[in-house]
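# Working through the structure, step by step
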Amino acid sequence: MLAMKFGGTSVGGANRIAEVVKIIQAEKERTPKIIAVVSAMSGVTNNLLAAANLAAQGKQAEYEKICQDLLRKHRIAILELIKDAIRCEELLKEIELMIEQNCSRLCYGIQILGEASPRALDAIGSLGERLSARLVAAALNEAGTKASFVEATELIVTDDNFGDAAPQMSETEARTQAKLLPMLENGVVPIITGFIGATRSGVTTTLGRGGSDYSVGIIGACLKVDEVWIWTDVDGVMSADPSIVPDAHTLAEMTYSEAAELSYYGAKVLYPKTILPVIKDEIPLLIKNSFFPERVGTRIAAKTSTTDSDVKAISSIKNISLITISGRGMMGVPGIAAKTFTAVASQNVNILMISQSSSENNICFVINTSEVERTCMVLRRALEVEFHHKHVEDIQVQNDIAIIAVVGERMKGTPGIAARIFGAVGQSGANVIAIAQGSSEINISFVIGQNDIPKVVKAVHDEFKLGQSNRLK
Ligand code: ADP
Ligand code: ASP
Ligand code: MG
């Protein structure tokens, strides 16, 4: 059994959907039981969320235009894909109604309230996948392959953390098996909406931006599929973001840990949580290019077989801030770190990196810039006594920074890697603001100024000769 996921560009228009149909049909010859998870057509989720925000500002003409463009985009694709007049007409009516109800009317509701709540944003943001899944299923049926769209709200049960909901795996597993296994037995390909789920009481949630990868991981794990294939617009996971390093090469293999580290630190090609559900049963993940299906792609599994290089890939993450808590009196005073991180955790703020100077004069950590304000507020409250005793003297915030993560399982125990990394960074002229190495030694990460990302990534990539041109020599 195979679970596939097609990203936004892979279903971005009629010609792309036609290619998806071909890919599914070809694989179905080899593996009769296939499920497919689809993202919204590229750009659609952004537009839907923009419409909701415009509605909150009362900009009716602007959000209505987005709803109309959305209808036009899907209508064009349907007219091109579905030649059967009755089926075409039915689908057109259906999507028109859906856009009217879930974009225009919901936006109007937001306009009246003057506020777009996380719950409302999820209701609107989920529409793109609900439309694209219908299109892909119809295109498959048109091409003679039995397929049915399935709303993931019927499968994935989540908590009510709108915008970043967490799946409840045991209930999800029961529902997924009950719904999908009979379809697979009957030779039907389920086409499932990525990105979304629902609370136990049936309210639509989303799993986080880019979360369709996570959806296929969750559903694949529930069905214990043999492999999960993620189809995207690049050849696989590359040694660096190809928009920063055009010479980056595609990795043939990676371990789960390497992929997890790399995606956690910004490699957009894989949503970071995707690994979580598949790792338990060691289901291999393949990343493949839907524009060039014959290319092998990247295989992510528990172990890799090739003789890997020590450093495999470099990623970067921006729009983050460094918070530094400092005070000469911090030395030897127990509990400051505990209080700091308990306070941050109480706000559900995700800490991306922590570093403490050996003199114990400061603790610094990195979080998303959008969470700085409330984090500093709780910190001031939590450390009131320490401020009073002058153990802690200052909480500083540095914005416009980036974390660079250098990842590779074989960096473990190889001496001299850090020296080479920081040598290369120094040569590039960038200043290193803070450093952290996970105890697993599979990742060395450090903080630099956001503007230095391109030159630092290129410098480290060059130092370890990760470029395609180098490898061909
Ligand atoms: P999809 O819509 O298929 O989910 P995404 O846009 O989410 O695709 O992810 C694919 C993109 O990730 C690529 O087009 C590329 O620009 C970007 N990317 C960033 N880092 C990497 C990397 N290390 N390897 C491959 N792609 C990367
Ligand atoms: N459509 C969603 C987004 O743009 C989910 C995804 O593409 O993975 O975030
Ligand atoms: Mg993606």
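Read on for a plain summary of the structure. (Residues numbered from 1 in each chain as written. Chains lettered and ligands numbered in written order. Predicted model: local features only at pLDDT ≥ 70, side-chain atom pairs only at ≥ 80, totals over all residues. Heavy atoms only, no water.)

## Thoughts on the overall build of the protein chain
The following threshold applies: Strands here are runs of E lasting at least two residues and helices are runs of H or I lasting at least four, both read from the DSSP assignment and numbered beginning at the N terminus. Here the radius of gyration uses the C-alpha set of atoms, whereas the globule reference equals 2.2 Å times the residue count to the power 0.38. To sort residues, take the accessible area from a 1.4 Å probe on protein chains only and compare it with the maximum for the residue type: under 20% means buried, over 50% means exposed, and anything in between is partly exposed.
Along the backbone of the protein chain there are 16 helices and 17 strands. Taken over the C-alpha trace, the protein chain has a radius of gyration of 24 Å; the compact-globule value for 473 residues is 23 Å, and the two agree within 12%. Viewed in the frame of its principal axes, the protein chain has a C-alpha envelope of about 75 × 60 × 40 Å. Per-residue burial for the protein chain yields a buried fraction of 51% across its 473 residues.

## Quick notes on unusual backbone geometry
A positive phi is found at Asn-319, a non-glycine position, where the angle reads about 55°. Mapped onto the fold, Asn-319 is located in strand S12 (residues 313-326). Look at Lys-390: it is not a glycine, yet its phi comes out positive at around 60°. By the element assignment, Lys-390 lies in the loop between helix H13 (384-388) and strand S15 (394-407).

## Some thoughts on the sheet that holds strand S3 (residues 147-150)
Our working definition: In this scheme, strands are said to pair when DSSP sees at least two bridges between them. For helices, the fitted axis covers only the stretch in contact; all axes are lines through C-alpha atoms, and the angles between them, taken along N-to-C directions, range from 0 to 180 degrees. Contacts: residue pairs with any heavy atoms within 4.5 Å of one another.
In space, the eight strands of this open sheet follow the order S3-S5-S2-S1-S8-S10-S11-S9, with mixed pairing throughout. Both edges of this open sheet fall to S3 and strand S9 (253-255), since each of them pairs with a single strand only. Across the sheet, the mean angle from the axis of one strand to that of its neighbour is 20°, orientation sign disregarded. Pairing geometry for strand S10 (residues 285-289) and strand S11 (residues 298-301), over three bridges, is antiparallel. Each residue of the ladder has a partner; that of Ile-287, found in S11, is Thr-298. This element, helix H6 (residues 127-142), spans strand S2 (34-38), S3 and strand S5 (189-193) of the sheet and lies at about 160° to S5. In this fold helix H8 (residues 212-223) packs onto strand S1 (2-6), S2, S5 and strand S8 (227-232), with an angle of close to 155° to the strand it touches most, S2.

## Topic: the site of ligand 2
So the rule is basically this: A cutoff of 4 Å decides nearness: a residue is near a molecule or strand if any of its heavy atoms lies inside that distance of it. Pairs of N or O atoms within 3.5 Å make up the polar contacts considered here, provided that, within protein, one atom can donate a hydrogen while the other can accept it, and that residues adjacent in sequence are counted only when both atoms are side-chain atoms. What sets the accessible areas is the Shrake-Rupley method with a 1.4 Å probe; for residues, cover comes only from the shown protein chains. When residue character is reported, Ala, Val, Leu, Ile, Met, Phe, Trp, Tyr, Cys and Pro are called nonpolar, Asp, Glu, Lys and Arg charged, and the others, Gly included, polar.
The full set of residues close to ligand 2 is Ser-39, Thr-45, Glu-129, Phe-195, Arg-209, Gly-210, Gly-211 and Ser-212. Contacts to ligand 2 include Ser-39, whose side-chain N or O atom sits 3.2 Å from an oxygen atom. Arg-209 places a polar side-chain atom, nitrogen or oxygen, 2.7 Å from an oxygen atom of ligand 2. In isolation ligand 2 exposes 270 Å². Once the protein is present, 85% of that is buried. In terms of residue class, the shell around ligand 2 is made up of one nonpolar, five polar and two charged.

## Brief notes about H8
To be explicit about the condition: Helix span is expected to be 1.5 Å times the residue number reduced by one.
Across its 12 residues, H8 extends 17 Å between first and last C-alpha, which sits within 8% of the 16 Å expected from 1.5 Å per residue. For H8, the full list of buried residues reads Ser-212, Asp-213, Tyr-214, Ser-215, Val-216, Gly-217, Ile-218, Ile-219, Gly-220, Ala-221, Cys-222 and Leu-223. Lys-224 sits one or two residues past H8 and shows a positive phi near 50°.

## Brief notes about the site of ligand 1
Taken together, 16 residues are adjacent to ligand 1, and Lys-5, Thr-232, Asp-233, Met-238 and Lys-268 come closest. One of the side-chain nitrogen or oxygen atoms of Asp-233 is found 2.8 Å away from an oxygen atom of ligand 1. In this structure, a nitrogen atom belonging to ligand 1 sits 2.9 Å away from a main-chain N or O atom of Met-238. Burial of ligand 1 by the protein amounts to 84% of the accessible area it has alone, namely 570 Å². Among the residues making up the shell around ligand 1, the classes are represented as eight nonpolar, four polar and four charged.

## Quick notes on helix H1 (residues 14-30)
A rise of 1.5 Å per residue sets the reference length of H1, with its 17 residues, at 24 Å; its end C-alpha atoms lie 25 Å apart and thus fit the reference within 8%. Among all positions of H1, only Ala-14, Arg-16, Ile-17, Val-20, Val-21, Ile-23, Ile-24 and Glu-27 are buried. Next to the buried residues of H1 lie S1, S2, helix H3 (60-81), H6, S5 and S8.

## A closer look at the packing of aromatic side chains
Just so we agree on the cut-off: Within 6.5 Å between ring centres, the rings of Phe, Tyr and Trp (the latter by its six-membered ring) count as paired, and their orientation is classed by plane angle as stacked under 30 degrees, edge-to-face over 60, tilted in between.
This structure, assessed with the given rule, holds six aromatic pairs. Ring centres of Tyr-264 and Tyr-265 lie 5.1 Å apart, and the angle between their planes is 85°; on these two criteria the pair is classed as edge-to-face. Residue Tyr-264 is classed as partly exposed on the basis of its relative accessible area of 30%. With a centroid separation of 5.5 Å and an interplanar angle of 70°, the aromatic rings of Phe-341 and Phe-365 are classed as edge-to-face.

Note that every value here comes from positions in space, so none of it alone points to a role or purpose.
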